[in-house]
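Structural description and commentary
Each chain, written out:
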Amino acid sequence: ESPGVKISLDGLHLDWQPSALLQGKLAISELNVNKLRLDIASSNEATPPPNDLHLPVAVDIEKVLISQFDWWGIFSANNISGQLSSDGEQHRLSNFIAHSGNISLGGDASLGGSAPLPLSFTARLSGKLDERPLQMAVSGDGPLDRINLRAKAEQGINGEGTATITPFAQQIFANAHLAIIDVDPAAWHPSAPKAKLVLLADLQPKGDKIAGDFSITNQQAGPLDRQQMPLVQLSGKLEGQGDQMDFERLDAQLSGGGKLFGKGRWQNT
């Protein structure tokens, strides 16, 4: 425990080779933890990134297994496993696997110990979203304080996105672009009208909110009495956070030449 940070471990089991330290290496055959909890105090101030992540010795952990992980009561995962290795300068995570709910994540990553701490990773996310199969490829690179993230959905939804992640700044991201195509509401809910939607959004932080521009284009617009969506295109600006989102400058074009203009608010109650 240190100011602002508390780490709790239950059921720690360590199988290591002390004699390897004579050759300047920390060799661990197996590291098991039943429960790991990480609590970090919230702050309105940006946290400066570390300048150096060198290790005094080489590290080789052949097997890491964390049965249950909890971060501040907000996020939890289970059955986390992988391999860790480092020559003191370059740190590598291999064969990483983690599960959270109906989603599993697997991948590999490397991190340099010298500034600007270059990070590179590839991962695959799979599972179910609203009882539908989901698969997504994710990759990223860049300095640790400004990571270029790329994601491509391959099953369940069709689309891609990019974002600049800033984990040490006041805002977790600097910008994001989303492009989701071929969305059919009827495929997600039997009572919804049929459509073929293309959703585009450019987002950025605005204070403690998210703001940006968006557009929705329907490539199969039609009348409601034929179980279709009469919307041709909708564009506007959005701003909000959590369970509330405000929409401004809404411009909707309807099949048959109709138009709608206005503003609105969505709130999850």
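Predicted model, so just to flag it, every value in this text is computed and none were measured. (Residues numbered from 1 in each chain as written. Predicted model: local features only at pLDDT ≥ 70, side-chain atom pairs only at ≥ 80, totals over all residues. Heavy atoms only, no water.)

Things to note about the packing of aromatic side chains
Across all of its chains, the model carries 2 aromatic pairs by this definition. Consider the rings of Phe214 and Phe247, whose centres lie 5.7 Å apart with planes at 75°: the pair is edge-to-face. Within this pair, whereas Phe214 is found in strand 13 (residues 209-218), its partner Phe247 is found in strand 15 (residues 244-254), the two being separated by 33 residues in sequence. The lysine or arginine in question, Arg132, covers the ring of Trp188, its NZ or CZ lying 4.7 Å from the ring centre. (Phe/Tyr/Trp six-rings, centres within 6.5 Å; stacked < 30°, edge-to-face > 60°. Helix = DSSP H or I, 4+ residues; strand = E, 2+ residues; numbered from the N terminus. Lys NZ or Arg CZ within 6 Å of the ring centre and 35° of its normal.)

What about the pairing of strand 5 (residues 90-100)?
In the case of a regular strand, side chains alternate between the two sheet surfaces. Relative to strand 5, strand 4 (residues 75-86) runs antiparallel, the two sharing 6 bridges. From the neighbouring strand, Ser86 faces strand 5, where its bridge partner is His91. Hairpin remark: strand 4 followed by strand 5, antiparallel, with 3 residues in the connecting loop; positive phi at Gly88, about 100°. Both strand 5 and strand 6 (residues 103-112) contribute to a ladder of 9 bridges, which runs antiparallel. Among the inter-strand pairings, His99 is bridged to a residue of strand 6, identified as Ser104. Linking two consecutive strands that pair antiparallel, namely strand 5 and strand 6, is a turn of 2 residues; a positive phi of about 65° is found at Gly101 within it. (Pairing = 2+ DSSP bridges.)

Some points on the pattern of salt bridges
For the structure on display, the rule yields 10 salt bridges. Note that Lys209 and Glu239 form a salt bridge whose closest N and O atoms lie 4.0 Å from each other. Highlighted residues: Lys209 in strand 13 and Glu239 in strand 14 (residues 231-241), separated in sequence by 30 residues. Residue Lys209 is classed as partly exposed on the basis of its relative accessible area, which comes to 31%. Owing to a relative accessible area of 26%, Glu239 belongs among the partly exposed residues under this scheme. Salt-bridge contacts for Asp246 lead to Arg265; the nearest nitrogen and oxygen are separated by 2.5 Å. Linking Asp246 in strand 15 with Arg265 in strand 16 (residues 259-267), this pair joins segments that are 19 residues apart in sequence. (Salt bridge = Lys/Arg side-chain N within 4 Å of Asp/Glu carboxyl O. Buried < 20%, exposed > 50% of the residue type's maximum accessible area, 1.4 Å probe, protein only.)

Some details on the nonpolar core
Ranked by internal contacts, the top residues of the largest apolar core, which has 16 residues, are Phe214 and Leu234. Here Leu234 is in contact with Phe214, Ser215, Ile216, Leu250, Asp251 and Ala252, once residues within four sequence places are set aside. Core analysis: the second largest hydrophobic core is formed by 11 residues, Ile28, Val33, Val59 and Phe69 among them. (Core = buried A, V, L, I, M, F, W, Y, C linked by side-chain atoms within 4.5 Å. Contact = heavy atoms within 4.5 Å.)

Some words on the side chain of Ser215
With respect to the element layout, Ser215 can be found in strand 13. The residues contacting Ser215, other than those within four sequence positions of it, are Val198, Leu199, Leu200, Leu234 and Ser235.

Any functional reading would require information beyond the geometric quantities listed.
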